[in-house]
Every structure is written in C-alpha cells, then in structure tokens.
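Descriptive analysis of the structure
Now for the letters of each chain:
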Amino acid sequence: MRLPYFIAKRIAFNRERTFSRFIIRIALIATSLSVAVMLLTVALVNGFQEEISHKVFDFWGHVHVTTFQPYSGLLTEDVPIKDSILLKKDIAAMPDVASISVYAHRSAILKVNKEIEGVMFKGIDSSYDWQHLTPYLKEGNKLTFADSGYTNQIIISRELANDLKLKLHDPFIAYFVQKNSMTPKARKLVVGGIYKTSISDYDETFIIGDINLLRDVNGWDKNKIGGYEIFLNHYNQVQHFKDRLYHGILPRNLVAMSIYQINPNIFDWLNLQNMNELIILIIMAIVAIINMITAILILILERVNMIGVVKSLGMNNWQIQKIFLYQMGYITIVGLFIGNVIGLGIAWLQKTTGFFALDEKTYYMSTAPVKIEWWQVVGIDLATLIICLLVLIIPTLIVRKISPVKAVSFK
C-alpha cells in the first residue's frame, strides 16, 4: 500500500474529536447538498422543457405546410390551398413522419346568453391523429365526422367553457365575421368535448371542430384546406425534416414551417431555462469548491507537526500533498454518494407523487415535472470530482512552504 494513501486513510477514519473533524463534516454536508441541488436543477429543467414542448407539439404537430404569409402566427387566418392526395402520400412516405392531417383556421365569436368570447376555430377532418389530443380531453369524446355536410360538435377548453358557463352537450351560437359583409354567418354548435392543456395561450383561444364547417362558412370547395399538420416520430428531427421537405418535395407555392417558427415565444422562454440551469450549477459548484478549500487548509494547518515529521523522514512535498488530496477525494466521493441519494431520491419522489405543486397559470402545469438523464448524472458527478481535485491542488501547495524544523516545534 502506498504511504500517502495509508496515512490519508488513517486520518480520514480518525475518531478523535477535533476541530478539523467538525470542518470535514461541514464540507461533506456542503458537497452533498451542492450535488443534490445540481441534480434536482437538471432534472426539473429537463422535465419542465419536455412537458411544455410535448404540450405544444401535441396541440400543433411539429411541421406545418401552407402558403407563405409574412409575419404569420398561430392566430393568422389561412389562405386556402388545394388538398393534394399525391403530396400527402409523398410526405407520409418520408421516414420521419408519424402522421399527416389537414387543418384550417378561422376566427369566430361565441355567444352564450349574455357571455361573448372571441376564439380561433381550428378545423380538422377524419385524418387527424387523436392520440396526441386525447390525453388532454377531460370530458366527452373525440369528434365524429359525418359522411356529408359537417358535424356541429366542437371541442372547447375548460377555461372557455367556464367563462361561457357551458357544459358537455350544451348548445351555443358561433358567429363568423365576413370580410365583405356587415352580417356575420351564424352556426349553431354543441359542446362535444372539453380539453385542458393548462397553456393559457391555447385554452383561452382555440376550439376544435369540423373543417367542413369552415369550408361552408368560407365558401371553399370541398378540396380546399388551410394546410397540412405533420407529426414526426421525434422532435429532434424537426429542422432536418423541414429542410428536406422544403427543398425536395414541396411545390413553389407552399412553404414548410416548424412549430419553433410559428410559436417562437414559448420556445424562447424554454431556452432561457438553460441559462438559469447553468447559473445554478456554477453557483453550487463554487459553494462546494470553497468549502473543500476551507476544509483542506484547516486540515493542513492542524497537521503541521505531522508534515514536519514526515518531511524530516524523507517524504517529498508531492507525496505529502497527495495525503491531503486523497483525504479530500474521499470526502468528495462520499459527498457525491450522499448527494446522489438525496437528489435522485427527491426527484423520484416528485415524479411518483407530485408533492411539489405549481401555479398552472404561470407554469402551464399543476406539479413540477422531473426527467432524469443518467448521462447528466454521471457527468455532474465526474465533473464535480475532477474539478474539486484539480482546484484542491492549489491550497496543498502551502505544504511546500512548511519548514521541517519549524513545523516540528509548531503548536
């Protein structure tokens, strides 16, 4: 057994009540808490970004194909295009595509007794992939489309239903304002389902119904649509897929837009969380490093006599430095283990019980979501261990300044 490691082990497991032992415990606690906070921060940011992103993707898909409109957004009414069976087949045959369906948008005014709300009507047809919206459907069922004409059923958000005092199967009137007429077109509709995403931008604005109703209101032919909504197998393929679609398949009059372009505000906000995450990680790392530096300096000062003795016996400076580095390495490893148990334990508890609640209106969800990426856990542990040991080499340089003659008489 190497001598520096042997001495470090004896010091580390020394049960004498000394001031340095108290400082070591503080350093151990600080390291454990720092690691736990770092792991929880990463897990919460991952969960938060994934949960919000999935809600946006589930409601809108990953890529839209439509006519180009400068400065368009979610509330922009569509310029109609012709529904092309051949184009849909070509898009559906692409390897990343999970589903493709048609859609159209149209602003409307809902009137129930004395209550009035302005909304955006999203029209869909039987090709719509309901697996994405079904998790948010709180009451009722998905739409049933008629063979001819249109269904008068719509799916409304719980927030709009509460504002308008509507319940399942309640009738109401929707008014569609015409550009060239002072008289709006009125349609009698029925609440067929109630959804809730907790994203106020959607819940306060959108209702979902039959695209044939919009064709009737707009005076469109039966083959006219607002665009195509495409779901991919994985959101990481959005940019690559959009580029291939735009340059390889789409005709010149159509454009492919990712949901990141259509709804940039939410994703810009989500990206800001990465900066918050980085700041917290840096602060926690600094806290751990400062506590470890303090602990090692106190250990060295308390062991000045020992340093003088081993120097006089022929041990060189680097071997003596390794004694304290081994000891702090042991403290760091134990702190990492305890921090992992605390951090991952709280993350698992939150994931299974959801005990930590959030304000839905602010955070778009009722409980704090967590997502543990094991490569990040390993990365945090290794980075903490390596950085601490590298930084701790600096305070151990004080060993080189200790004279054996003075150290032996030091009290």
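Heads up: these notes are all about the structure in this document.

1. Quick look at the overall build of the protein chain
Summing up its helical and strand segments, the protein chain has 14 helices and twelve strands in all. Computed over the C-alpha atoms, the radius of gyration of the protein chain is 32 Å, more than 25% above the 22 Å expected from 2.2 N^0.38 for a compact globule of 411 residues. Taken along the three principal axes of its C-alpha coordinates, the protein chain extends 100 × 50 × 35 Å. Across the 411 residues that make up the protein chain, the buried fraction comes to 47%. Once local pairs closer than 6 in sequence are excluded, the contacts in the protein chain between residues at least 24 apart make up 78%.

2. Regarding the nonpolar core
I91, I156, F172, I230, F241 and L245 are the most contacted members of the largest nonpolar core, which totals 43 residues. Contact partners of L245, with chain neighbours within four places excluded, come to V63, V65, I91, M94, I230, L250 and A256. Ranked by size, the runner-up nonpolar core spans 31 residues in total, among them W130, I155, I208 and M257.

3. Side note on the side chain of D83
Relative to the helices and strands, D83 is located in the loop between β2 (81–82) and α3 (85–92). What D83 contacts, discounting residues up to four positions off in sequence, is K88, V102, N223, I225 and Y228.

4. Here's the deal with the side chain of K242
Checked against the element boundaries, K242 lands in helix α7 (residues 238–248). The exposure class assigned to K242 is buried, which follows from its relative accessible area of 10%. Not counting the four nearest positions on each side in its chain, K242 is found in contact with A256, M257, S258 and Q261.

5. Section: the packing of helix α9 (residues 264–302) against helix α13 (residues 374–396)
It is at 10 Å that the axes of α9 and α13 come closest, and there the two elements cross at 40 degrees. As the angle between them shows, α9 and α13 are arranged oblique. As for the relative orientation of α9 and α13, their crossing is right-handed in sense. Here α9 contributes I289, M292, I293, I296, L297 and I300 to the contact with α13, which in turn contributes I387, C388, V391, L392, P395 and T396. In the contact of α9 with α13, the residues fall into eleven nonpolar, one polar and no charged.

Rules behind the numbers
- Residues numbered from 1 in each chain as written.
- Predicted model: local features only at pLDDT ≥ 70, side-chain atom pairs only at ≥ 80, totals over all residues.
- Heavy atoms only, no water.
- Helix = DSSP H or I, 4+ residues; strand = E, 2+ residues; numbered from the N terminus.
- Rg over C-alpha atoms; globule rule 2.2 N^0.38 Å.
- Buried < 20%, exposed > 50% of the residue type's maximum accessible area, 1.4 Å probe, protein only.
- Contact = heavy atoms within 4.5 Å.
- Core = buried A, V, L, I, M, F, W, Y, C linked by side-chain atoms within 4.5 Å.
- Axes fitted to C-alpha atoms, helices over the stretch in contact; angles between N-to-C directions.
- Parallel < 35°, antiparallel > 145°, perpendicular 65-115°, else oblique.
- Left-handed = near helix turned anticlockwise from the far one by under 90°.
- Nonpolar A, V, L, I, M, F, W, Y, C, P; charged D, E, K, R; others polar.

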